[in-house]
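# Descriptive analysis of the structure
Listed below, chain by chain, are the residues.
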Amino acid sequence: MKSLEIERKFLVRTLPAQLETYPSHQIEQGYLCTEPVVRIRRQDDSYYLTYKSAGLMVREEYNLPLTEEAYAHLKTKIDGILICKRRYRIPYGTYTIELDLFEAPYHHLQLAEVEFSSEEAALAFEAPDWFGEDVTHSSRYHNSNLSKPQTFS
């Protein structure tokens, strides 16, 4: 399924209170290619192949379902690091914050993403106090770049 992804990404200053009360998903994802981005993802018991176009705040995204067997086969072909993280879904006004807490080697990294219906809404968004630096325009924090071992060395 094709969609236009409009999102902003932030580092996290402090974790929100009662984090464990929010719904969450365990995610692992690997990259078959980073230019263009071709990703496989396991989210709980669902599996996907995703293509993302170039861009920072606005990108085209295509998601296709995979079987568990196809995911396992493609997982052996990824380049770089398999990224593992817990994603919390936190309501915030009319938005949902997706808070990612990464496992090793990025266990220190905490990123929050918010998706929008338009660029105007994205630019008008006022982040909660617990957000840190806006890293929307830094490709360093794209998961595709995090899959490369030298990203934070």
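Definitions and cut-offs
Residues numbered from 1 in each chain as written. Predicted model: local features only at pLDDT ≥ 70, side-chain atom pairs only at ≥ 80, totals over all residues. Heavy atoms only, no water. Helix = DSSP H or I, 4+ residues; strand = E, 2+ residues; numbered from the N terminus. Contact = heavy atoms within 4.5 Å. Pairing = 2+ DSSP bridges. Core = buried A, V, L, I, M, F, W, Y, C linked by side-chain atoms within 4.5 Å. Buried < 20%, exposed > 50% of the residue type's maximum accessible area, 1.4 Å probe, protein only. Phe/Tyr/Trp six-rings, centres within 6.5 Å; stacked < 30°, edge-to-face > 60°.

All right, on to the side chain of Glu-5 then. Within the secondary structure, Glu-5 is located in strand β1 (residues 2-12). Setting aside residues no more than four positions away along its own chain, Glu-5 makes contact with Lys-52, Met-57, Val-58, Arg-59, Glu-61 and Glu-115.

Attention now goes to the pairing of strand β4 (residues 46-52). Where strand β3 (residues 37-43) and β4 come together, seven bridges link them in antiparallel fashion. Counted as the bridge partner of Val-37 is Lys-52 from β4. Two successive antiparallel strands, β3 and β4, enclose a turn made up of two residues, where Asp-44 displays a positive phi of approximately 55 degrees. The pairing of β4 with strand β5 (residues 58-65) spans five bridges and is classified as antiparallel. Counted as the bridge partner of Leu-49 is Leu-64 from β5. Hairpin remark: β4 followed by β5, antiparallel, with five residues in the connecting loop; positive phi at Gly-55, about 140 degrees.

One finds Ile-90, Ile-97, Leu-99, Phe-116, Trp-130 and Phe-131 to be the most contacted residues of the largest nonpolar core, which totals 18 residues. Sorting the residues of this core by element identifies β1, β6 (79-92), β7 (95-102), β8 (110-115) and α2 (119-124) as the ones contributing at least two each. In this structure Phe-116 touches Ile-6, Glu-7, Arg-8, Tyr-95, Ala-121, Ala-122 and Phe-125, once residues within four positions along its chain are discounted. Judged by nonpolar contacts, the second largest core, of twelve residues, contains Leu-11, Ile-81, Ile-83 and Phe-102.

Within this structure, the stated rule accounts for ten aromatic pairs. With a centroid separation of 4.7 Å and an interplanar angle of 45 degrees, the aromatic rings of Phe-10 and Phe-131 are classed as tilted. A residue pair is termed long-range when its members are at least 10 positions apart, and Phe-10 in strand β1 and Phe-131 in strand β9 (residues 131-134) qualify at 121 residues. For Phe-10, a relative accessible area of 3% gives the class buried. Note on Phe-131: relative accessible area 3%, which makes it buried. Plain terms: the ring middles of Tyr-51 and Tyr-62 are 5.7 Å apart, the flat faces sit at 50 degrees to each other, and that makes the pair tilted. In this pair, Tyr-51 is assigned in strand β4 and Tyr-62 in strand β5, connecting sequence segments eleven residues apart. Its relative accessible area of 33% is what places Tyr-51 among the partly exposed residues. With a relative accessible area of 30%, Tyr-62 lands in the partly exposed category. Chaining the aromatic ring pairs together yields one cluster made of Phe-10, Tyr-92, Tyr-95, Phe-116, Phe-125, Trp-130 and Phe-131.

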